[in-house]
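So you can see what is in the structure, the chains are spelled out below.
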Amino acid sequence: MDFVSIRIITGDVARLVAFYEKATGASAAWATEDFAELGTPNATLAIAGARTVAMFAPGSARPADNHSVIIEFLVDDVDRVHGDLSGFVTDFVTEPTTMPWGNRSLLVRDPDGNLVNFFTPVTPAAREKFAR
């Protein structure tokens, strides 16, 4: 098995895609006006409109209603990312903070309220874990 992607259901695909393009520097590949993907070397963030839910299972997912998932991006310098996002991101949950497990993390909310963690491994153990 290979983890491939996570999909966010939203009421405004263009707005959310624009947020993630600016926040990550990745360009979206659009399949339809209701579906786009932002690819990274290891996984894909898919963003789909609420109308697509009916194709799977009507009512099974609701836009802007996530209270349990954190979307995470490994970055080279979380403090630089914090500076880049200042003035663009309106909801910083935490400033860059070094966590007990060795990552320096920045938590923000995207326009739909989803938690997004940008992090940089800073301890030797954390760097080794994420070495590519």
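Keep in mind that what you see is a predicted model, and the values were worked out from it rather than measured. (Residues numbered from 1 in each chain as written. Predicted model: local features only at pLDDT ≥ 70, side-chain atom pairs only at ≥ 80, totals over all residues. Heavy atoms only, no water.)

(A) Main features of the environment of Trp-30. Mapped onto the elements, Trp-30 comes out in strand β2 (residues 28–32). For the pair Trp-30 and Val-17, spaced 13 residues apart in sequence, the C-alpha separation works out to 9.6 Å. In contact with Trp-30, not counting residues within four places along its chain, are Val-13, Ala-14, Val-17, Phe-35 and Ala-36. (Helix = DSSP H or I, 4+ residues; strand = E, 2+ residues; numbered from the N terminus. Contact = heavy atoms within 4.5 Å.)

(B) Molecular detail of the nonpolar core. Core analysis: the biggest nonpolar cluster contains 24 residues, and Tyr-20, Ile-47, Phe-73, Leu-85, Leu-106 and Phe-118 have the highest contact counts within it. For this core, the elements supplying multiple residues, two or more each, are α1 (13–24), β3 (35–39), β4 (44–49), β5 (70–74), α3 (78–85), β7 (103–109) and β8 (115–121). The residues touching Phe-118, leaving out its near neighbours within four places in the chain, are Ala-23, Phe-73, Val-75, Val-78, Val-81, Leu-85, Arg-104, Ser-105, Leu-106 and Val-108. Counting residues in hydrophobic clusters, the runner-up holds five residues, among them Ile-9, Ala-46, Ala-48 and Val-53. (Core = buried A, V, L, I, M, F, W, Y, C linked by side-chain atoms within 4.5 Å. Buried < 20%, exposed > 50% of the residue type's maximum accessible area, 1.4 Å probe, protein only.)

(C) Highlighting α1. Relative to the 16 Å expected for 12 residues at 1.5 Å per residue, α1 spans 16 Å between its end C-alpha atoms, a close match to the ideal helical length. Restricting attention to buried positions, one finds in α1 the residues Val-13, Leu-16, Val-17, Phe-19, Tyr-20 and Ala-23. Considered in projection along α1, the buried side chains sweep an arc of 155° and stay on one side of the axis. After α1 finishes, the residue Gly-25 shows a positive phi value of roughly 80°. (Expected span 1.5 Å × (residues − 1). Arc of directions from axis to C-beta.)

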